Amino acid sequence: MFRLTFLMSALRKLTLLLAPLALVACTSSPYPAAPAQAYSDGYNYVLGPGDSVSIVVWRNPEISSTVTIRPDGKITGTLFEDLPAAGRDPTTLAREIEQVLSKYIRDPIVSVIVAGGIGPYSEQIRVIGEAAKPQALAYKQKMTLLDVMIAVGGITDFADGNAATILRTSEGDKQYNVRLKDLVRRGDVSANVDVKPGDILIIPQSWF
């Protein structure tokens, strides 16, 4: 009986000693906090494989068409084939199509409209780890961490949300800490930050 009482007392003392360490482990991060604002007003959407684009040729509906950018990044339309499209913004692609069509039509005027897609791999937002639905998302201007969390269904019960990080490829793979638990579970909007094209959100598993 004495030995059992002694062990229980020792266990309580050990728990009290480890509790502060566990709290520090859960709340501290070796990375700086992600800046609240990160978007650029000069952002232009860049086309990628899988994107669907509508090519509208003014006064020439028979030449207009909707095509999908192939895995090799090229498109084929009426009067042209194997034209590189991935990595270009819609306006640049429209001007290049005009140059090709000028061989057949006098002064063609072309508009390229993005009908659907998620952009090139280099600009997609990737969510890995303890997200409810890990996936790659299309970046949208002024997109925030909260938008990303809504799209992936939040975090799992096993996630260490406040230890999550953003790997920012546009800044040489610099890593930032983000507080997903505070944002998603506690509704702390001060934990919401902008995301940038190419960000990778890494959500680790909790140790406790």
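You'll find the structure just up there.
A.B. asks: What is the right way to look at the overall build of the protein in this model?
C.D. replies: Assigned secondary structure in the protein consists of 4 helices and 10 strands. Moving toward the C terminus, one meets the helices and strands of the protein in the order α-β-β-β-β-α-β-β-β-α-β-β-α-β. Buried residues in the protein amount to 38% of all 208 residues. When contacts within the protein are restricted to residue pairs at least 6 apart in sequence, long-range pairs at least 24 apart make up 56% of them. Of the roughly 12,300 Å² of accessible surface on the protein, 59% is carried by carbon and sulfur atoms.

A.B. asks: Would you explain the side chain of Glu98 in this entry?
C.D. replies: If you trace the backbone, Glu98 turns up in helix α2 (residues 90–101). Excluding residues within four positions of it along the chain, Glu98 makes contact with Pro108, Ile109 and Val110.

A.B. asks: Sorry if this is basic, but what is going on with unusual backbone geometry here?
C.D. replies: Of all residues except glycine, most have a negative phi; of all peptide bonds, most are trans. Even without glycine at this site, Arg59 takes up a positive phi of about 65°. Its place among the elements puts Arg59 in the loop between β1 (52–57) and β2 (65–68). Arg59 sits in the exposed class, given a relative accessible area of 67%. Notably, Lys142 is not glycine yet its phi reads approximately 65°, a positive angle. For Lys142, the location among the structural elements is in the loop between β7 (135–137) and α3 (145–152).

A.B. asks: Would you take a moment to explain the sheet that holds strand β5 (residues 110–116) for this structure?
C.D. replies: Paired through backbone hydrogen bonds, the strands of a sheet run either parallel or antiparallel to each other. The 3 strands are arranged β2-β1-β5 in an open sheet whose pairing can be described as antiparallel. Bordering the open sheet on either side are β2 and β5, each of which pairs with just one other strand. The sheet shows a mean angle of 25° between the axes of neighbouring strands, taken without regard to direction. Direction of pairing for β1 relative to β2: antiparallel, over a ladder of 4 bridges. Counted as the bridge partner of Val53 is Val67 from β2.

About the criteria used
Residues numbered from 1 in each chain as written. Predicted model: local features only at pLDDT ≥ 70, side-chain atom pairs only at ≥ 80, totals over all residues. Heavy atoms only, no water. Helix = DSSP H or I, 4+ residues; strand = E, 2+ residues; numbered from the N terminus. Buried < 20%, exposed > 50% of the residue type's maximum accessible area, 1.4 Å probe, protein only. Contact = heavy atoms within 4.5 Å. Areas by Shrake-Rupley, 256 points an atom, 1.4 Å probe, with all protein chains shown as cover. Pairing = 2+ DSSP bridges. Axes fitted to C-alpha atoms, helices over the stretch in contact; angles between N-to-C directions.

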